Amino acid sequence: MTKIAIIGGGIVGATAAFYLVQTKDNQVTVFDEPHGQATRAAAGIISPWLSKRRNQKWYRLANAGTQLYPQLVIDAQLDQRAYHEVGTLITRKTDVKLDELWQLAQARLQSAPQMKNIVRWSPQKINAELPFFKPDIFAGGVFVTGGARVDGKQLVNQLLRHANVQLVKQHAQIKRQQTQILVNQQPFDQIIIAGGARAPELVQQLGFNLLVRPQKGQLIELADNDLAITGNMPVVMPEGERDIIPVGKHQLMIGATHENDQGFDLTASTQVINDLLKSGQSVITGLTESMITNVRVGTRAYTDDFAPFFGQLPALKNVWIASGLGSSGLTTGPIIAKLMAQSINGENVDLTPFTLPVTNYLSSIDRKA
Ligand SMILES: Cc1cc2nc3c(=O)[nH]c(=O)nc-3n(C[C@H](O)[C@H](O)[C@H](O)COP(=O)(O)OP(=O)(O)OC[C@H]3O[C@@H](n4cnc5c(N)ncnc54)[C@H](O)[C@@H]3O)c2cc1C
């Protein structure tokens with residue numbers, strides 16, 4: 001039996017734990033101190049296909065991530081609170097831009113089965129389906145029927161419950177002792193560092209600097225009986241404004257911010273709340289500050305090339321790391337975790353189509369300095 005420690009119980013750690021237990025007789029311990037966890041704060045939009053990003057490894061990974069979700073739902077018996085295929089609507093302000101988006105959607109559909117169907121929505125169709133929007137505010141949109149919404153907190157809770165692994169709600173420290181690596185003084189055969197934005201602190205304990213930085217993200221939750229919203233409505237990604245996420249009867253979220261200069265600060269900022277509300281008010285009628293019920297704040301990990309990375313640490317073949325998942329980590333997290341779990345289980349998995357080598361994101365610490 002292989003003894004495996006996972007440090008971090010966000011989407012990467014929880015999904016890795018699930019696959020390691022599901023596929024082999026591994027003994028898995030997850031160490032997690034969830035303060036500031038990105039997964040629990042996230043908007044949870046699963047719809048990478050029409051993004052303007054050009055990074056091909058990222059797109060391949062994100063597209064593979066969307067295809068994995070329906071299987072993960074079955075395998076881990078996830079319910080609709082964790083993953084809900086409500087569809088996503090991406091809007092544009094002009095007909096020209098809408099034509100370009102439609103062409104991109106048609107091209108992407110060829111190699112993205114989880115998109116399922118694409119439908120061009122007119123302003124009238126948008127008003128009929130989503131009556132809470134101001135009339136004719138968009139030139140139209142592309143509705144992707146296979147887009148989904150994830151609730152990160154539900155997802156990790158359900159995965160960890162189903163995996164039935166040992167969960168230690170403690171801060172973990174990692175230490176090299178001769179040929180062994182210890183986590184909180186205990187030896188393990190394999191270790192996964194899935195600490196999100198905090199991963200650099202762990203990797204530093206092994207003598208490396210990790211080129212990963214924290215990014216603060218905030219979003220607001222609103223509820224009001226006058227909001228004509230149901231939990232089956234699609235997520236809307238309006239051009240130039242924040243995303244609108246209907247989450248239940250009379251409830252929605254608006255977000256999220258990308259703040260690169262706030263370190264690990266987790267305080268909700270009044271100015272940001274006002275900006276998010278203003279963005280919502282520009283497209284939705286009747287939104288007021290009194291409807292805000294909660295502000296979510298979390299810390300994402302990001303890299304210089306805004307790409308996630310994962311694999312083994314150099315010269316420490318039993319230590320694995322995944323970090324830098326940025327603003328699409330709920331989309332890429334499960335597939336990253338599955339690929340790592342397969343590798344740890346001894347399968348011959350080629351990671352190169354999906355990630356640059358881990359060494360690209362490391363620099364050694366000069367211990368003599
Ligand atoms: C506001 C916001 C909105 C977002 N919206 C979306 C979205 O719509 N779609 C999408 O795909 N992605 C979205 N994301 C991004 C996504 O949430 C993250 O990329 C992803 O959750 C990162 O997962 P992770 O497992 O790498 O890290 P995390 O979820 O941050 O988990 C890491 C865990 O490790 C723990 N940890 C770290 N060090 C230690 C230690 N030494 N001991 C014990 N525990 C430790 C941390 O406390 C944390 O609980 C959003 C993020 C934010 C913040």
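Residues numbered from 1 in each chain as written. Predicted model: local features only at pLDDT ≥ 70, side-chain atom pairs only at ≥ 80, totals over all residues. Heavy atoms only, no water.

Glancing now at the overall build of the protein. A tally of helices and strands in the protein yields nine helices and 22 strands. For 369 residues, the compact-globule estimate of 2.2 N^0.38 gives 21 Å, and the C-alpha radius of gyration of the protein, at 21 Å, lies within 12% of that figure. Referenced to the eigenvectors of the C-alpha coordinate spread, the extents of the protein come out at roughly 65 × 45 × 40 Å. Taken across its 369 residues, the protein has 54% of its residues classed as buried. (Helix = DSSP H or I, 4+ residues; strand = E, 2+ residues; numbered from the N terminus. Rg over C-alpha atoms; globule rule 2.2 N^0.38 Å. Buried < 20%, exposed > 50% of the residue type's maximum accessible area, 1.4 Å probe, protein only.)

For Val283, the position within the fold is in the loop between α8 (270-281) and β19 (292-302). Linking Val283 and Glu241, residues 42 residues apart in sequence, is a C-alpha distance of 8.6 Å. Setting aside chain neighbours within four positions, we find Val283 in contact with Phe132, Phe133, Lys134, Ile137, Phe138 and Ile244. (Contact = heavy atoms within 4.5 Å.)

What follows concerns the packing of aromatic side chains. Counted according to the given criterion, the structure contains nine aromatic pairs. Ring geometry for Phe31 against Phe188: centres 6.2 Å apart, planes inclined by 90°, an arrangement best described as edge-to-face. Remark: Phe188 occurs in the loop between β12 (186-187) and β13 (190-193) and Phe31 occurs in strand β2 (residues 27-31); sequence separation between them is 157 residues. Classification of Phe188 by relative accessible area gives buried; the value is 7%. (Phe/Tyr/Trp six-rings, centres within 6.5 Å; stacked < 30°, edge-to-face > 60°.)

Further remarks concern the packing of helix α1 (residues 11-23) against helix α3 (residues 56-75). The interhelical angle for the contact between α1 and α3, taken along N-to-C directions, is 60°, at an axis separation of 12 Å. Of the possible angle classes, the one that applies to α1 and α3 is oblique. When you trace α1 past α3, the crossing you get is left-handed. Across from Ile11, Thr15, Phe18, Tyr19 and Gln22 in α1, the residues of α3 making contact are Leu68, Tyr69, Leu72 and Asp75. Among the residues making up the contact of α1 with α3, the classes are represented as six nonpolar, two polar and one charged. (Axes fitted to C-alpha atoms, helices over the stretch in contact; angles between N-to-C directions. Parallel < 35°, antiparallel > 145°, perpendicular 65-115°, else oblique. Left-handed = near helix turned anticlockwise from the far one by under 90°. Nonpolar A, V, L, I, M, F, W, Y, C, P; charged D, E, K, R; others polar.)

All right, on to the site of the ligand then. In the vicinity of the ligand there are 38 residues, among which Asp32, Glu33, Thr39, Ile45 and Gly326 approach most closely. One nitrogen or oxygen atom from the main chain of Val12 is found 3.2 Å from an oxygen atom belonging to the ligand. A distance of 3.1 Å is found between an oxygen atom of the ligand and a backbone nitrogen or oxygen belonging to Gly44. Within the residue set of the shell around the ligand, elements represented by two or more residues are α1, α2 (38-41), β19 and α9 (329-344). Its residues assigned to classes, the shell around the ligand comprises 16 nonpolar, 18 polar and four charged. When residues of the shell around the ligand are assigned to domains, at least three fall in each of domain 1 (3-40 + 153-212 + 305-361) and domain 3 (215-300). (Near = heavy atom within 4 Å. Polar contact = N/O pair within 3.5 Å; in protein donor to acceptor, adjacent residues only side chain to side chain. Domains from an automatic or database assignment.)

Now for the domain arrangement of the protein. Per the domain assignment, the segments of the protein are domain 1 (3-40 + 153-212 + 305-361), domain 2 (88-146) and domain 3 (215-300). Placing the centre of domain 1 and that of domain 2 at their C-alpha centroids yields a distance of 36 Å.

Counting 46 residues, the largest nonpolar core has Ile6, Tyr69, Ile192 and Phe310 as its most contacted members. The set of elements that each furnish at least two residues to this core consists of β1 (3-7), α1, β2, α3, β8 (148-150), α6 (152-163), β21 (316-323) and α9. One finds Val183, Ala199, Leu202 and Tyr361 within the second-largest nonpolar core, a separate group that totals 29 residues. (Core = buried A, V, L, I, M, F, W, Y, C linked by side-chain atoms within 4.5 Å.)

The next subject is the sheet that holds β1. Taken in spatial order, the six strands line up as β9-β2-β1-β13-β21-β20 in an open sheet, and their pairing is mixed. Only two strands of the sheet have a single partner each, and these edge strands are β9 (166-168) and β20 (309-313). Between one strand and the next, the sheet's axes are offset by a mean angle of 20°, whatever the strand orientation. Relative to β2, β1 is paired through five bridges, and the arrangement is parallel. Residue pairing across strands places Ala5 opposite Thr29, the latter belonging to β2. (Pairing = 2+ DSSP bridges.)

So, on to the UniProt feature "domain: FAD dependent oxidoreductase" (unreviewed entry) in the protein. According to UniProt, the feature "domain: FAD dependent oxidoreductase" (unreviewed entry) maps to residues 3-342 in the numbering used here. For the annotated span residues 3-342, helix accounts for 30% and strand for 29% of the residues, and the straight-line distance between the end C-alpha atoms is 15 Å. (UniProt positions renumbered as here; feature names shortened; annotations may be inferred.)

Right, let's talk about the side chain of Ser279 for a bit. Counting through the fold element by element, Ser279 comes out in helix α8. Among the residues examined, Ser279 registers a relative accessible area of 7% and is labelled buried. Beyond its immediate chain neighbours, meaning those up to four positions away, Ser279 contacts Glu241 and Arg242.

In spatial order, the strands read β10-β11-β12; together these three strands make up an open sheet with antiparallel pairing. In this open sheet, the two edge strands, each paired with only one partner strand, are β10 (174-177) and β12. Both β10 and strand β11 (residues 180-183) contribute to a ladder of four bridges, which runs antiparallel. Looking at β11, one finds that Gln177 is bridged to Gln180.

To continue, consider α1. In a regular helix each residue adds 1.5 Å, so 13 residues correspond to 18 Å; α1 covers 18 Å between its end C-alpha atoms and thus fits that length. When you tally the buried positions in α1, you get ten out of 13 residues, the bulk of the element. Ile11, Val12, Gly13, Ala14, Thr15, Ala16, Ala17, Phe18, Tyr19 and Leu20 are the residues of α1 that are buried. (Expected span 1.5 Å × (residues − 1).)

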